[in-house]
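Residues per chain are reported as follows:
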Amino acid sequence: MSISPATLSHLPLLLLLLLLLLPTSSLSKTFLVRVHHDSKPSIFPTHKHWYESTLTSLSPTTTTTTDQTPSRIIHTYDTIFHGFSAKLSPLQAKNLESLSGIVAVIPEQIRKLETTRSPEFLGLKTTDSAGLLKESDFGSDFVIGVIDTGIWPERQSFNDRDLGPVPGKWKGECVSGKDFPTTSCNRKLIGARYFSDGYEATNGKMNETTEYRSPRDSDGHGTHTASIAAGRYVFPASTLGYARGVAAGMAPKARLAAYKVCWNAGCYDSDILAAFDAAVRDGVDVVSLSVGGVVVPYYLDAIAIGAFGASDAGVFVSASAGNGGPGGLTVTNVAPWVTTVGAGTLDRDFPANVKLGNGKVIPGVSVYGGPGLAPGRLYPLIYAGNEGSDGYSSSLCLEGSLDPSFVKNKIVLCDRGINSRAAKGEVVQKAGGIGMILANGVFDGEGLVADCHVIPATAVGASSGDEIRKYITSASKSKSPPTATIQFQGTRLHVRPAPVVASFSARGPNPETPEILKPDIIAPGLNILAAWPDRVGPSGLPSDKRQTEFNILSGTSMACPHVSGLAALLKAAHPEWSPAAIRSALMTTAYTVDNRGGTIGDESTGNSSTVMDFGAGHVHPQKAMDPGLVYDMNSYDYVDFLCNSNYTTKNIQTITRKNADCRGAKKAGHIGNLNYPSLTAVFQQYGRRKMSTHFIRAATNVGDANAVYQVAVKPPSGTLVTVKPEKLVFRRVGQRLSFLVRVEAVAVKLTPGSSSTKSGSIVWSDGKHVVTSPLVITMQTPL
């Protein structure tokens with residue numbers, strides 16, 4: 001077929017006409033529709049009938065899909081969210097939003113997964129006669145709902161030996177599907193569901209040769225996170241011979257419910273919201289969500305909306321902070337009713353050092369369990385970026401970028417980025433290489449992640465990568481070509497310093513609400529051993545046919561379920577505590593000092609980390625069981641917070657389902673007066689020399705009946721901080737007393753558009769309990 005020059009000249013016009021002639025659904029996407037639940041006309045027997053009629057009532061030209069059938073409802077929601085999701089064109093969405101009874105029409109986001117020794121490192125020892133595990137009976141009658149990629153129920157981490165009957169409050173079910181009969185559930189895994197309609201509405205019917213249309217996990221992520229939260233004790237446990245010992249979750253007797261929402265193409269908001277809706281209806285006590293994405297206003301954020309509904313129902317929600325670190329403003333899942341968890345290291349690592357031909361030893365880490373390199377032998381070493389026709393692709397060891405004639409029988413240095421770390425080793429292997437060194441980029445810094453490689457391989461930091469490249473360049477010019485080997489040293493315990501903030505862990509400040517410090521806390525998230533499914537190799541690569549019952553992964557995805565499990569233990573020990581009280585207990589008892597006695601470090605730089613990295617600090621489970629005081633909140637406190645955030649009444653109703661009268665909230669306070677366990681102020685200097693603000697907080701006594709707390713203030717540098725009163729005298733458990741914190745700050749010299757952040761603390765103590773709140777002051781100079 002030939003195209004004339006005249007036709008080519010009119011191509012843009014032809015494309016426009018083609019777009020106009022296409023059915024509108026070819027330009028459509030999924031929207032979440034919040035409705036006034038009580039607005040259903042009595043003529044409709046159910047809300048779903050009303051929703052379907054509402055869609056049909058839109059003009060025919062905007063309600064047809066490619067096969068000329070009416071737009072169909074994907075999910076209906078009736079517990080924490082009233083409404084439905086549907087595939088709509090932008091015009092449909094606009095028309096729908098104008099109809100009576102519609103509160104909001106929210107575009108769907110696509111989320112991504114945020115990808116032992118933990119109990120011992122956290123002080124949870126089974127031999128203790130008292131403590132959090134004993135007090136909570138290991139979380140026996142509490143249910144953790146894990147919203148993730150599903151679960152592999154046959155793992156020993158999910159056995160139900162010696163567990164009592166399923167809690168009577170449980171209303172959930174075990175939904176059968178491909179390779180997942182209802183008998184897959186037991187007294188440990190008491191519920192399992194899957195939600196794929198949102199995924200398929202965008203991507204078409206799933207490929208059931210690569211995915212299970214059932215709660216069964218074809219990825220591994222959900223199995224791993226579920227066992228971190230509530231895995232049973234399993235011995236022996238290891239991954240390819242590494243991290244040998246007992247595997248256990250945080251709440252070994254807690255019950256699990258798996259809600260599968262993540263598929264090969266991602267995790268879709270419509271499915272996530274359906275999972276939240278089902279989990280709360282089923283009766284979970286905790287929701288664990290190791291899924292993240294972009295930060296948007298809360299009324300456009302399905303996770304924030306779903307989490308609010310869960311919190312409003314008394315369910316604690318823990319979510320991963322994201323893996324966008326070490327850069328600032330990268331933290332996700334930042335709503336104040338969500339406990340946002342960053343990642344720290346354990347006191348365990350897996351050294352695999354590089355020995356260069358010049359005798360220099362470069363530190364690295366790896367989990368490699370296959371045939372090793374010959375002891376004492378050095379192998380030819382090359383940098384992949386020097387060997388391909390496309391230097392950029394080859395430097396990253398992308399698929400097909402390496403020339404076997406240069407790579408064969410050599411160790412190859414690859415740069416981190418674009419494809420997965422394990423995939424780079426596979427590329428080297430296919431080209432005939434015998435080993436790989438994976439070098440961090442500048443942005444990754446010195447943080448190291450141990451991977452289950454398919455080839456002898458190790459990871460090194462950015463500065464080490466530079467050193468190896470320099471050695472290759474200098475040695476190549478000499479009579480002694482560059483050589484190296486990798487020395488695998490297995491598992492090393494009692495590493496110091498620990499914990500350290502993981503390089504990848506997302507950092508503050510909070511992009512949506514700078515006045516709320518996020519992340520809230522950090523928990524173990526680097527090189528975590530947990531359960532793993534069959535049919536998925538430990539590297540995650542399709543070609544990896546190895547099987548292992550446990551795998552070692554890193555990410556805030558792994559940190560989040562640690563806190564989810566701890567929340568279940570705290571709820572079991574203190575059934576009367578609200579989600580806000582549990583978060584407060586975890587935050588005010590967290591620590592900021594490592595096992596060498598210094599401030600927790602930053603893995604990416606080797607320097608000390610800050611509150612923007614670790615929030616209130618690293619979780620301390622035993623102290624959280626008896627925090628002394630908590631900063632409690634209810635749903636109406638969050639409504640006041642949204643009012644003071646200048647959200648409209650309709651925005652607030654979209655999030656909370658509550659009719660807000662913001663006049664009282666705005667008159668009574670400001671955004672910083674949310675009764676949060678941390679205190680954060682942002683000052684816009686505007687040429688002013690002195691600025692001031694105040695915080696009002698209310699502490700609830702959950703310690704001894706008669707207790708007197710004295711305050712100690714560590715002001716951020718350059719500020720004057722006063723607390724009134726300086727003493728809180730409690731006469732009974734449950735008593736709530738208020739105090740005021742006034743902060744005066746002096747302007748600092750800043751270039752336009754820049755900022756300066758300083759931190760201190762407010763500490764209340766009765767001689768037995770120490771209740772610590774970070775106090776953060778940010779000075780900004782507008783452009």
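Residues numbered from 1 in each chain as written. Predicted model: local features only at pLDDT ≥ 70, side-chain atom pairs only at ≥ 80, totals over all residues. Heavy atoms only, no water.

Named according to an unreviewed UniProt entry, the protein chain is Subtilisin-like protease SBT1.5 originating from Rhododendron simsii. According to UniProt, the comment filed for the protein chain under the heading Sequence similarities (unreviewed entry) is "Belongs to the peptidase S8 family." As stated in UniProt under Subcellular location (unreviewed entry), the record for the protein chain gives "Secreted". (UniProt positions renumbered as here; feature names shortened; annotations may be inferred.)

Quick notes on the domain arrangement of the protein chain
The assigned domain composition of the protein chain is domain 1 (29-58 + 70-107), domain 2 (118-344 + 499-591), domain 3 (352-486) and domain 4 (629-633 + 675-781). Its C-alpha centre places domain 3 at a distance of 49 Å from the equivalent point of domain 4. (Domains from an automatic or database assignment.)

So, the state of the cysteines
Put plainly, a disulfide is one covalent bond tying together the sulfur atoms of two cysteines. Under the defined criterion, the tally for this structure stands at 4 disulfides. A disulfide bridge connects Cys397 with Cys414, and the sulfur atoms are separated by 2.0 Å. In this structure, the disulfide formed by Cys397 and Cys414 twists by about -80° around the S-S bond and is classed as left-handed. Remark: Cys414 occurs in strand E21 (residues 411-415) and Cys397 occurs in the loop between helix H11 (391-395) and helix H12 (404-407); sequence separation between them is 17 residues. On the basis of relative accessible area, Cys414 is assigned to the buried category, the value being 0%. Here Cys643 pairs with Cys662 through a disulfide, and the sulfurs are 2.0 Å apart. Where Cys643 bonds to Cys662 through sulfur, the torsion about that S-S bond is close to -75°, and the disulfide is left-handed. Of this pair, Cys643 sits in helix H19 (residues 635-644) while Cys662 sits in helix H21 (residues 662-668), and the two are 19 residues apart along the sequence. For Cys643, a relative accessible area of 0% translates into the label buried. With a relative accessible area of 12%, Cys662 lands in the buried category. (Disulfide = S-S within 2.5 Å. Helix = DSSP H or I, 4+ residues; strand = E, 2+ residues; numbered from the N terminus. Buried < 20%, exposed > 50% of the residue type's maximum accessible area, 1.4 Å probe, protein only.)

Focus: the environment of Gly309
Relative to the helices and strands, Gly309 is located in helix H10 (residues 302-312). Note: C-alpha distance between Gly309 and Gly597 (288 residues apart in sequence) is 41 Å.

Notes on the UniProt feature "active site" (unreviewed entry) in the protein chain
In this numbering, the UniProt entry assigns the feature "active site" (unreviewed entry) to Asp148, His221 and Ser557. Considering the C-alpha atoms alone, the annotated residues occupy 410 residues of sequence yet fold into one spot, their largest mutual distance being 9.9 Å. Among the structural elements, Asp148 can be located in strand E6 (residues 143-148). Classification of Asp148 by relative accessible area gives buried; the value is 1%. Once residues lying within four places of it in the same chain are set aside, the contact partners of Asp148 are Leu113, His221, Gly222, Thr225, Tyr259, Lys260, Val261, Cys262 and Ser290. A distance of 2.7 Å separates the side chain of Asp148 from the side chain of His221, its partner in a polar contact. With respect to the secondary-structure elements, His221 resides in helix H8 (residues 221-230). Under the relative-accessibility criterion, His221 is labelled buried at 1%. (Contact = heavy atoms within 4.5 Å. Polar contact = N/O pair within 3.5 Å; in protein donor to acceptor, adjacent residues only side chain to side chain.)

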